[in-house]
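# Topology and contacts: notes
Here is how the chains run, residue by residue.
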Amino acid sequence: MTTGPRFLPAKERIARPWKNGGGVTRDIAVFPEGTGDTAFLWRTSVAAIAAPGPFSSFPGIDRAFLLLDGELAITVGGADTRRIDADATPLVFGGEQPVHAEPGRGGCVALNVMTRRGRVSAKLDRWSAARPTSADALLVVSPASAAITCGDTVFDLAAGDALLLDHPAGLSAIEGAVIAIKLFYAAG
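Ordered in space as β2-β3-β4-β11-β6-β9, the six strands form an open sheet in which the pairing is antiparallel. Looking at which strands have only one partner, the edges of the open sheet turn out to be β2 (15–17) and β9 (91–94). Neighbour to neighbour, the strand axes of the sheet diverge by 30 degrees on average, direction disregarded. In terms of strand pairing, β2 meets strand β3 (residues 24–31) through three bridges, oriented antiparallel. Residue pairing across strands places R16 opposite T25, the latter belonging to β3.

Here you go:
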């Protein structure tokens, strides 16, 4: 990991196809950095969903999925189809579960968090103020403009920007609404 806060601007994200070729995603952060789809411990990305279709299969991976913009009808495993929007709570499911999604008119944009089961876990929450956390790392994603204070440094985040903290205790203030992704590493 890094030794201090790491600013991750949205404008520097590179588009790449989904594992199944059905859409496009842009990685926010991957750990260890530079690892591919079969070796990461955790990965966060923003995906544009423009057409109906299945999600890629990721056996052994736990997924948390949060809509940032638009509407989506989503079916996970054998459950009933759910209609979600940007106000919905995160969906959590196993990466091996079959998922089918159908975006509303105009498509949608989603935050996707994937963690290697048994090695890392993640919890997503919406914050409008700094909170104490026992997380090993914290990724803060800003859906709109926000200011994040870590120690004596203020990071001005534009819509879509993120800040990765490997020492979340250093977070002292948040101005604006953000999505907090708390990452917990398994012992051993």
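Moving on to the sheet that holds strand β18 (residues 178–185). Taken together, five strands build an open sheet; the order of strands is β1-β16-β13-β18-β12 and the sheet is antiparallel. Each having just a single partner strand, β1 (6–8) and β12 (120–127) make up the two edges of the open sheet. On average, adjacent strands in this sheet sit at an angle of 20 degrees to one another, irrespective of strand direction. Direction of pairing for strand β13 (residues 137–141) relative to β18: antiparallel, over a ladder of five bridges. Paired with V141 across the bridge in β18 is I179.

Let us now look at unusual backbone geometry. Residue P32 is reached from F31 by a cis peptide bond, and omega for that bond is -10 degrees. In this fold, P32 is placed in the loop between β3 and β4 (42–49).

About the criteria used
- Residues numbered from 1 in each chain as written.
- Predicted model: local features only at pLDDT ≥ 70, side-chain atom pairs only at ≥ 80, totals over all residues.
- Heavy atoms only, no water.
- Pairing = 2+ DSSP bridges.
- Helix = DSSP H or I, 4+ residues; strand = E, 2+ residues; numbered from the N terminus.
- Axes fitted to C-alpha atoms, helices over the stretch in contact; angles between N-to-C directions.

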